[in-house]
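Given next are the chains, with one letter for each unit.
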Amino acid sequence: MTRNRAALFDVDGTLADTNHLHVVSWWEALRQHGHHVPMHDIHRAVGLPGEDLLDHLLEDDRDRGGDELLSAAHDTLYATYFDRLPALDSAADLLRTLSAAGWKVVLVTSAKDRELDALRRAIGADDAVTDTATSDDVEQGKPAPDPLHHALELAGATPERAVFVGDTVWDMKAAVRAGVTGIGLLCGGIPRGDLEEAGAAAAYRDPADLLADLADSPFSAVASE
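Here is a short report on the structure shown in this document. (Residues numbered from 1 in each chain as written. Predicted model: local features only at pLDDT ≥ 70, side-chain atom pairs only at ≥ 80, totals over all residues. Heavy atoms only, no water.)

### Comments concerning the overall build of the protein
The secondary structure content of the protein amounts to 10 helices and six strands. Expected size for 225 residues packed as a compact globule is a radius of gyration near 17 Å; at 17 Å, the protein falls within 12% of this value. On the principal axes, the C-alpha backbone points of the protein span a range of 55 × 35 × 30 Å. Counting every position in the protein, which comprises 225 residues, the buried fraction comes to 53%. Looking at the protein alone, contacts between residues at least 24 apart form 66% of all its contacts between residues at least 6 apart. Working note: accessible area of the protein is about 10000 Å², and carbon and sulfur atoms make up 46% of it. Between the mean site of the 19 positive side-chain charges and the mean site of the 40 negative ones, the protein shows a separation of 3 Å. (Helix = DSSP H or I, 4+ residues; strand = E, 2+ residues; numbered from the N terminus. Rg over C-alpha atoms; globule rule 2.2 N^0.38 Å. Buried < 20%, exposed > 50% of the residue type's maximum accessible area, 1.4 Å probe, protein only. Contact = heavy atoms within 4.5 Å. Areas by Shrake-Rupley, 256 points an atom, 1.4 Å probe, with all protein chains shown as cover. Lys, Arg positive; Asp, Glu negative; His and termini not counted. Charge placed at Lys NZ, Arg CZ, Asp CG, Glu CD.)

### Focus on the pattern of salt bridges
Taken as a whole and judged by the stated rule, the model has 10 salt bridges. With a shortest N-O distance of 2.9 Å, Arg96 and Asp127 are connected by a salt bridge. Of this pair, Arg96 sits in helix α5 (residues 91-100) while Asp127 is found in the loop between α6 (113-123) and β3 (131-134), placing the two residues 31 residues apart along the sequence. Arg96 gets classed as partly exposed once you look at its relative accessible area, which sits at 34%. (Salt bridge = Lys/Arg side-chain N within 4 Å of Asp/Glu carboxyl O.)

### As for the pairing of strand β5 (residues 181-185)
With respect to burial, β5 is a largely interior element, four of its five residues being buried. Pairing of strand β4 (residues 162-166) with β5 involves four bridges; the strand directions are parallel. Across the sheet, the residue bridging to Gly166 is Gly184, located in β5. Following the backbone out of β4, through helix α8 (residues 169-178) and into the adjacent parallel β5, one traces a crossover that is right-handed. Across three bridges, β5 lies against strand β6 (residues 202-204) in parallel orientation. Note on β6: the bridge partner recorded for Ile183 is Ala202. Note on the crossover from β5 through helix α9 (residues 192-197) to β6: the handedness is right-handed. (Pairing = 2+ DSSP bridges. Right-handed = clockwise from strand over helix to strand, strands pointing away.)

### Here we look at a nonpolar patch on the surface
A cluster of nonpolar side chains, contributed by Val24, Trp27 and Met39, occupies part of the molecular surface with about 240 Å² of accessible area. Looking at the element boundaries, Met39 is found in helix α2 (residues 39-45). According to the relative accessible area criterion, Met39 is partly exposed, its value standing at 39%. (Patch = residues over 30% accessible without salt bridge, like charges linked within 9 Å, V, L, I, M, F, W, Y side chains within 5 Å.)

### Here's the deal with the environment of Leu148
Position of Leu148 relative to the elements: it lies in helix α7 (residues 146-155). In the structure, Leu148 is positioned 23 residues away from Asp171 in sequence and 9.5 Å away in space, judged by C-alpha atoms.

Structure below.
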């Protein structure tokens with residue numbers, strides 16, 4: 001393991017303003033299959049891999065044979081937004097600033113294939129991204145620590161030399177379990193108190209707010225050498 005510093009980032013709700021698009025897509029997919037779930041509950045579950053999200057929202061004794069169709073419906077609905085996914089303000093600038101300072105920037109996300117391509121196009125900072133860790137790379141997605149462990153391997157960094165930025169309690173719980181400092185962003189719609197209770201060392205409004213305070217953020221506690 002090298003002495004690299006790793007800046008790990010969730011994508012949906014953290015770098016791209018997409019959480020509510022996922023909420024609407026899941027709500028409609030669930031409705032089409034006879035499940036009536038309040039959007040508030042769906043919002044709280046966003047950030048979990050699809051299979052875990054459905055387990056979190058639906059009854060345990062359901063017929064899971066329809067879960068694949070449910071996930072496919074969500075994916076189809078969400079794909080209609082691919083050409084206009086909005087990046088959050090200063091998301092690209094934040095990634096480029098960290099990369100220029102010597103951090104290995106790794107995206108840690110449940111998105112994959114066309115969805116991930118669309119998100120990366122929206123953010124527009126591929127030149128600053130070292131690698132991407134997806135839920136397909138590991139046995140369990142967030143809040144398990146597996147995605148962060150994999151991201152650390154990709155970056156060649158130890159947990160003590162890494163910071164993970166996310167917007168959900170699942171992100172912060174994964175950070176705690178992986179031994180990585182977590183920073184919560186409020187732009188995903190989860191309250192500050194919930195993120196801090198889940199383990200966030202600090203919380204900021206959005207990428208622009210974090211960038212403006214970068215010198216005094218938890219990133220500053222990780223020495224360059």
